[in-house]
Amino acid sequence: MPASIPETRASLILRLQNADDVAAWETFAELYVPVVFRVARSRGFQTADADNLVQEVLLAVAQSVTQWFERNDRGSFRAWLLRIARNEAADMISRRATRSLGQDGDDAARSLNAMAARDDVSSLLELEYQRAMFQRAADQVRNSVAEQTWQAFWLTQVDGLSIAEAAQQLGTRTGNIYFGRSRVMARIKELVSQYEGQS
């Protein structure tokens, strides 16, 4: 995986301006729904509240993506998306007088106040985005390679086993582990690159 994932392609964002472009919205949702959801959960929102926040964010994006795209000072898409998510979260918490939010409205308010460290939240959003891109690519690759090839990658790159330990566990030679791991890693990187380049 590259150290820094490039910004979402402008072509996808352009297509989001058309509410009838189902493929563009599905791609957007596939990439960003898990990201916003996990960030909300990590900040103290219960599952139902995180789901509600995701829906509010999607609605806000749909309503304002055209205006955002036309701005000369728009900045990055993910920074804009983060701002929307923060604003929607603040709105949800401010409505806690009429309904409870999370386990305790005060706990949720404290969680939102903890979001004040913008760099921390931005880093979390970026991390979750990278995680979503990896998971999307990894799921596709796992379905296209032999189980032992996948295990060679998983055991060494995710579980942290040495090449020798993975070879012993899988009952194969170390050369097969190197080859399988390399093949899976190359395919994951290629898919992430393709996802970023979707138009």
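Overview of the structure. Predicted model, so just to flag it, every value in this text is computed and none were measured. (Residues numbered from 1 in each chain as written. Predicted model: local features only at pLDDT ≥ 70, side-chain atom pairs only at ≥ 80, totals over all residues. Heavy atoms only, no water.)

Our next topic: the packing of helix 2 (residues 22-42) against helix 3 (residues 47-70). Two elements in contact, helix 2 and helix 3, have axes whose closest approach is 9 Å; the angle formed by their N-to-C orientations is 135°. Classified by the angle their axes make, helix 2 and helix 3 are oblique. Seen from above, helix 2 lies across helix 3 with right-handed handedness. Every residue of helix 3 that contacts helix 2 at Trp25, Phe28, Val33, Val36, Phe37, Ala40 and Arg41 is listed here: Thr47, Ala50, Asp51, Leu53, Val54, Val57, Leu58, Val61 and Ala62. Residues belonging to the contact of helix 2 with helix 3 are distributed by class as follows: 13 nonpolar, one polar and two charged. (Axes fitted to C-alpha atoms, helices over the stretch in contact; angles between N-to-C directions. Helix = DSSP H or I, 4+ residues; strand = E, 2+ residues; numbered from the N terminus. Parallel < 35°, antiparallel > 145°, perpendicular 65-115°, else oblique. Left-handed = near helix turned anticlockwise from the far one by under 90°. Contact = heavy atoms within 4.5 Å. Nonpolar A, V, L, I, M, F, W, Y, C, P; charged D, E, K, R; others polar.)

Glancing now at the pattern of salt bridges. The final tally for this structure, using the stated rule, is five salt bridges. Taking the shortest distance from any N to any O, the salt bridge between Arg71 and Asp73 comes out at 3.0 Å. Classification of Arg71 by relative accessible area gives partly exposed; the value is 40%. Classification of Asp73 by relative accessible area gives exposed; the value is 55%. (Salt bridge = Lys/Arg side-chain N within 4 Å of Asp/Glu carboxyl O. Buried < 20%, exposed > 50% of the residue type's maximum accessible area, 1.4 Å probe, protein only.)

By themselves, these figures tell us nothing about what the structure is for.
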